[in-house]
Amino acid sequence: GAVVSQHPSWVICKSGTSVKIECRSLDFQATTMFWYRQFPKQSLMLMATSNEGSKATYEQGVEKDKFLINHASLTLSTLTVTSAHPEDSSFYICSRREGEYGYTFGSGTRLTVV
Amino acid sequence: KQEVTQIPAALSVPEGENLVLNCSFTDSAIYNLQWFRQDPGKGLTSLLLIQSSQREQTSGRLNASLDKSSGRSTLYIAASQPGDSATYLCALRMTTDSWGKLQFGAGTQVVVTP
């Protein structure tokens, strides 16, 4: 089946440090990828849309300097949470778009900032 | 602004009963609607996709209906099994969106007891 590999699956970091989350498209050239965050018992909230070779498009209210997205190749998109704080603790999920209708999601990253 | 609501937020049924999950939306200018399944701490798996011109889609024990005019979609799961326990999310893509962004409801958490 379709494979989007997200790494790490969980991470604990100290407040003030930065954390990088990787999302690899192993079997499909991903031109467009999406990054979501999800708080417990809440919906997935789109953070940004990343397109290979160009700057990411951020949703309203998402700090682009805090959540750095890089999509330098068709197989890799990364999300870096800079100067993380406890309120950044959340579940982050990437998704790639496949053609007109298809989406494959990564398995998610549980970030805990202490 | 599109609002996606899923009711109920949680549901517990004995094995064998049919499940009825509801999704409502405020803006009928949707391109398509998808139902996803999410297991705890995991990514999402697509279950059914309904195009805006369609009324329903079926896959095995799953059937999803769409009524754009009333802003509603329903996911039916027949003869539920303990393995159906998960959170079910509906997601919309709007006609005005060219990137393929999805807007999610908060989900219905389903528990099927043996």
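Scroll up for the structure.
Right, let's talk about the overall build of chain A for a bit. Scanning chain A from terminus to terminus reveals zero helices and 11 strands. Counting from the amino terminus, chain A carries its helices and strands in the arrangement β-β-β-β-β-β-β-β-β-β-β. Over its C-alpha trace chain A gives a radius of gyration of 13 Å, about what one expects of a compact globule, namely 13 Å for 114 residues. Across its three principal axes, chain A shows a C-alpha extent of roughly 40 × 25 × 20 Å. Within chain A, the proportion of its 114 residues that are buried is 49%. The long-range share in chain A, meaning contacts at least 24 apart out of those at least 6 apart in sequence, stands at 52%. Carbon and sulfur atoms provide 53% of the accessible area of chain A, an area that totals close to 5,600 Å². Computed over 11 positive and 10 negative side-chain charges, the inter-centroid distance for chain A is 5 Å.

All names here are of chain A. Where burial is concerned, most of strand E4 (residues 32–38) is hidden: seven out of the seven residues are buried. Side chains Thr 32, Phe 34, Tyr 36 and Gln 38 of E4 all project onto a buried face; the interleaved residues Met 33, Trp 35 and Arg 37 project onto the opposite face, where all are buried too. Where E4 meets strand E5 (residues 44–51), seven bridges bridge the pair, whose relative direction is antiparallel. Paired with Arg 37 across the bridge in E5 is Met 45. The antiparallel pairing of E4 with E5 creates a hairpin that spans five residues between the two strands, and Lys 41 there sits at a positive phi of about 60°. Pairing of E4 with strand E9 (residues 90–98) involves six bridges; the strand directions are antiparallel. Residue pairing in the sheet places Gln 38 in a bridge with Phe 91 of E9.

Criteria and cut-off values
Throughout this document, residue positions are counted from 1 along each chain, in the order its sequence is written. Lettering for chains starts from A, numbering for ligands starts from 1, and both go in the order in which the items are written. Where totals are concerned, whole chains, interfaces and linings use all residues; where local detail is concerned, this predicted model gives features only for residues with pLDDT of at least 70, and gives and counts side-chain atom pairs only at 80 or more. Each side-chain value is worked out from all heavy atoms of the structure, with water and hydrogens disregarded. Secondary structure follows DSSP: runs of H or I at least 4 residues long count as helices, runs of E at least 2 residues long count as strands, and numbering of each begins at the N terminus. The size measure is the radius of gyration over C-alpha atoms, and the globule rule it meets is 2.2 Å times the number of residues to the 0.38 power. A 1.4 Å probe rolled over the protein chains alone gives each residue an accessible area, and that area as a share of the maximum for its type sets the label: buried under 20%, exposed over 50%, partly exposed in between. Whether two residues touch is decided by their heavy atoms; if any such pair falls within 4.5 Å, the residues are in contact. The Shrake-Rupley method, run with a 1.4 Å probe sphere, supplies the accessible areas, and residue values consider only the shown protein chains as cover. For the purpose of charge, His is not counted, nor are the chain termini; Lys and Arg are scored as positive and Asp and Glu as negative. To locate a charge, the coordinates of NZ of Lys, CZ of Arg, CG of Asp or CD of Glu are taken. Only strands joined by at least two bridges in the DSSP assignment are considered to pair.

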